[in-house]
Amino acid sequence: MKAAMYYSLDNILIENLPVPKIGPQEILVQMKACGVCGSDLMEWYLKNRVPLVLGHEPSGIVAKVGSKVKGFEVGNRVFSHHHVACLTCDFCLRGDYTLCEQFSRTHLEPGGFAEYFKVPKPNLEVDTLKIPPDVSFESATLIEPMGCCLRALNKAQVHPSDSVVVVGAGPSGAILTLLLRLFGAGQIIVTDFIDYRLKAAGKLGADLLVNPEAESIIDVVKKATDGKGADLVIVTAPNVNGFLTGMELCRRGGTLCIFAPTRPEDFVRLSPNRLFFSEIKLLPSYSTSHVETRIALNLIQTKKVDTTNLITHTFPLEKTAEAFKKAALNKECVKVVVSNE
Ligand SMILES: [Zn+2]
Ligand SMILES: [Zn+2]
């Protein structure tokens with residue numbers, strides 16, 4: 001089978017791999033569509049694991065079912081989550097599923113950017129969802145990234161009329177904008193350096209769009225919030241500048257949600273004095289669990305969020321390298337999807 005082997009961001013090659021063999025409690029899925037995630041574009045995050053087949057936002061059709069599998073049959077349309085929690089450890093019992101030791105160990109084999117992938121037993125049992133007939137394979141690739149956004153918003157406890165700043169209008173910023181409308185947020189301010197992405201965020205419901213190259217985001221947010229700052233700032237940009245800007249935009253007593261990691265060698269100077277007296281809450285939100293994937297699928301199926309404008313570019317599997325280039329370098333896109341139709 002064909003698979004896109006990732007060596008580095010500018011070196012992704014289509015290679016021939018054996019179709020994964022499945023055990024009695026596993027299934028094989030023919031990939032139909034798989035989203036490109038921001039984390040797929042972070043070279044520092046991947047460099048110790050290369051070469052590998054990326055892709056953790058896949059949907060497809062069940063092609064083979066192990067002899068002991070119950071509840072799935074050949075031909076089912078499915079989404080499979082690459083990471084699943086054990087549900088029994090101390091972290092899981094407290095609902096911190098993404099911190100579960102099993103979580104980051106589990107994955108689909110070899111990954112979503114391949115003609116076929118294997119779904120191991122825990123992934124099958126805990127977080128493989130059947131896609132209803134009225135949800136396309138492409139839309140189903142949004143289940144995982146939307147799950148991440150839902151988890152962050154649930155943790156941040158968005159209240160109706162809250163003013164929110166989204167730093168970074170990539171795929172996550174776009175989905176957050178859609179969900180913030182659904183959660184009843186008040187003013188939604190989105191900032192990014194790419195005008196294409198700002199325009200897209202505007203169509204998805206953002207009230208104010210700010211390109212920091214053209215105007216000061218701090219001035220805009222101050223003006224929009226009577227000088228207070230935003231109730232919630234969500235930093236989806238994976239860099240220190242995004243974080244530091246976020247700190248400046250957050251009101252006293254507000255929440256700064258860290259939605260993306262920086263490189264491990266990056267540090268910022270934080271003043272406990274300032275944190276203490278401003279009572280700004282730092283709220284990291286990493287990944288998503290089986291809890292939010294189900295909610296995401298429901299929101300997509302019932303059209304409570306209109307996802308039609310999120311996927312702006314689709315590339316065939318053979319052109320995975322181009323898909324990555326579009327998402328990482330050109331950036332005139334929102335969600336980029338690789339398809340195997
Ligand atoms: Zn992702
Ligand atoms: Zn666990």
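Throughout this description, residue numbers start from 1 for each chain and increase along the sequence as written. Labels follow written order: the first chain is A, the first ligand is 1, and so on. Where totals are concerned, whole chains, interfaces and linings use all residues; where local detail is concerned, this predicted model gives features only for residues with pLDDT of at least 70, and gives and counts side-chain atom pairs only at 80 or more. Note that the side-chain values use all heavy atoms of the structure and ignore hydrogens as well as water.

Visitor: Tell me about the domain arrangement of the chain, and name the residues and values.
Guide: What fixes the domain bounds is an automatic or database domain assignment. For the chain, the assigned domains are domain 1 (2-142 + 310-339) and domain 2 (149-284). A C-alpha centroid distance of 28 Å is found between domain 1 and domain 2. Whether two residues touch is decided by their heavy atoms; if any such pair falls within 4.5 Å, the residues are in contact. Contacts between domain 1 and domain 2 engage 13 residues on the former and 16 residues on the latter. With both chains or domains summed, domain 1 and domain 2 bury close to 1,300 Å², and 71% of this area falls on carbon and sulfur atoms. The term buried area refers to how much accessible surface (probe radius 1.4 Å) is lost by two components on association, counted for both of them together. Among the residues of domain 1 in contact with domain 2, W44, L310 and V334 are the three that bury the most area, contributing 44% of the side total. Counted as a polar contact is a pair of N or O atoms within 3.5 Å, where, for protein atoms, one must be capable of donating a hydrogen and the other of accepting one, and residues adjacent in sequence contribute only when both atoms are in side chains. The interface formed by domain 1 and domain 2 contains three residue pairs in polar contact (both at pLDDT 80 or more). The nonpolar class holds Ala, Val, Leu, Ile, Met, Phe, Trp, Tyr, Cys and Pro. Asp, Glu, Lys and Arg form the charged class, and all remaining residues, Gly among them, are polar. Across the side of domain 1 that touches domain 2, the residue classes break down as seven nonpolar, three polar and three charged.

Visitor: Now, about helix α6 (residues 171-182): what can you tell me, with residues and values included?
Guide: End to end, α6 covers 17 Å across 12 residues, agreeing with the expected 16 Å (1.5 Å per residue, within 8%). The element α6 is extensively covered by neighbouring structure, given that nine of its 12 residues are classed as buried. Note on classification: 1.4 Å probe, protein chains only; a residue is buried when its accessible area is under 20% of the maximum for its type, exposed when over 50%, partly exposed between these limits. In this description a helix means any DSSP run of H or I spanning at least four residues, a strand means any run of E spanning at least two, and both kinds are numbered starting from the N terminus. Of the positions making up α6, those classed as buried are P171, G173, A174, I175, L176, T177, L178, L179 and L180. Following α6 by one or two positions, G184 has its phi on the positive side, about 85 degrees. By this rule the span expected of a helix is its residue count minus one, scaled by 1.5 Å.

Visitor: Describe the coordination of the zinc ion (ligand 1), naming the residues involved and giving the relevant values.
Guide: Surrounding the zinc ion (ligand 1) are the protein donor atoms C37 (SG) and H56 (NE2), at 2.1 to 2.3 Å. Taken together, the residues span a long stretch of sequence, with C37 in the loop between β3 (27-35) and α1 (43-46) and H56 in the loop between α1 and β4 (58-65) at a distance of 19 residues. Grouping residues by exposure puts C37 and H56 together as buried. Coordination shells were defined by N, O and S atoms within 2.8 Å of each metal, extended to 3.2 Å for Na, K and Ca; water is absent from the atom set, which can make sites look incomplete.

Visitor: Account for the packing of aromatic side chains, with residues named and values stated.
Guide: Under the pairing criterion, centres of Phe, Tyr and Trp rings, with the six-membered ring standing for Trp, must be within 6.5 Å; the plane angle then separates stacked pairs below 30 degrees from edge-to-face pairs above 60, leaving the rest tilted. Counted by the stated rule, this structure contains five aromatic pairs. Arranged with centres 5.6 Å apart and planes meeting at 65 degrees, the rings of W44 and Y45 form a pair that is edge-to-face. What makes W44 partly exposed here is its relative accessible area of 22%. Their ring planes at 75 degrees and their centres at 5.6 Å tell us that F113 and F324 sit as a pair that is edge-to-face. Residue F113 is found in the loop between α2 (90-93) and β6 (116-119), and its partner F324 is found in helix α12 (residues 320-330); the two are separated by 211 residues along the sequence.

Visitor: Which residues make up the coordination of the zinc ion (ligand 2), and what values do they have?
Guide: For the zinc ion (ligand 2), the protein coordination sphere consists of C86 (SG), C89 (SG), C92 (SG) and C100 (SG), at 2.3 to 2.4 Å. Geometry assignment treats four donors as tetrahedral when all angles are between 85 and 135 degrees, treats four as square planar and six as octahedral when opposite donors are over 155 degrees apart and all others between 65 and 115, and treats everything else as irregular. In this structure, the zinc ion (ligand 2) is surrounded by four donor atoms whose angles at the metal cover 106 to 115 degrees, and the resulting shape is tetrahedral. Read in sequence order, the donor residues for the zinc ion (ligand 2) give the motif C-x2-C-x2-C-x7-C.

Visitor: Describe the sheet that holds strand β10 (residues 208-210), listing the residues and the values that go with them.
Guide: For two strands to pair, DSSP has to find at least two bridges joining them. Sheet architecture is open: six strands sit in the order β10-β9-β8-β11-β12-β13, paired in parallel fashion. With partners counted over all chains shown, the strands left at the sheet margins are β10 and β13 (281-284), one partner each. When the angles between neighbouring strand axes are averaged without regard to direction, this sheet yields 20 degrees. Pairing of strand β9 (residues 188-191) with β10 involves three bridges; the strand directions are parallel. Across the sheet, residue T191 finds its bridge partner in β10, namely V210. α6 rests against β8 (164-167), β9 and β11 (230-235) of the sheet, and its axis sits at about 175 degrees to β9. To get an axis, fit a line to the C-alpha atoms, keeping to the stretch in contact for a helix; angles then go from 0 to 180 degrees between the N-to-C directions. The strands that helix α7 (residues 195-203) touches are β9 and β10; relative to β10, the one it contacts most, it runs at about 170 degrees.

Visitor: Now, about the pattern of salt bridges: what can you tell me, with residues and values included?
Guide: Each salt bridge in this description consists of a side-chain nitrogen of Lys or Arg and a carboxyl oxygen of Asp or Glu lying within 4 Å of one another. Enumeration over the complete set of coordinates arrives at 12 salt bridges. E101 is the salt-bridge partner of R105, the closest N and O atoms lying 3.2 Å from each other. Overall, the relative accessible area of 53% leaves R105 in the exposed class. Taken together, the shared-partner salt bridges connect E26, E109 and K118 into one network.

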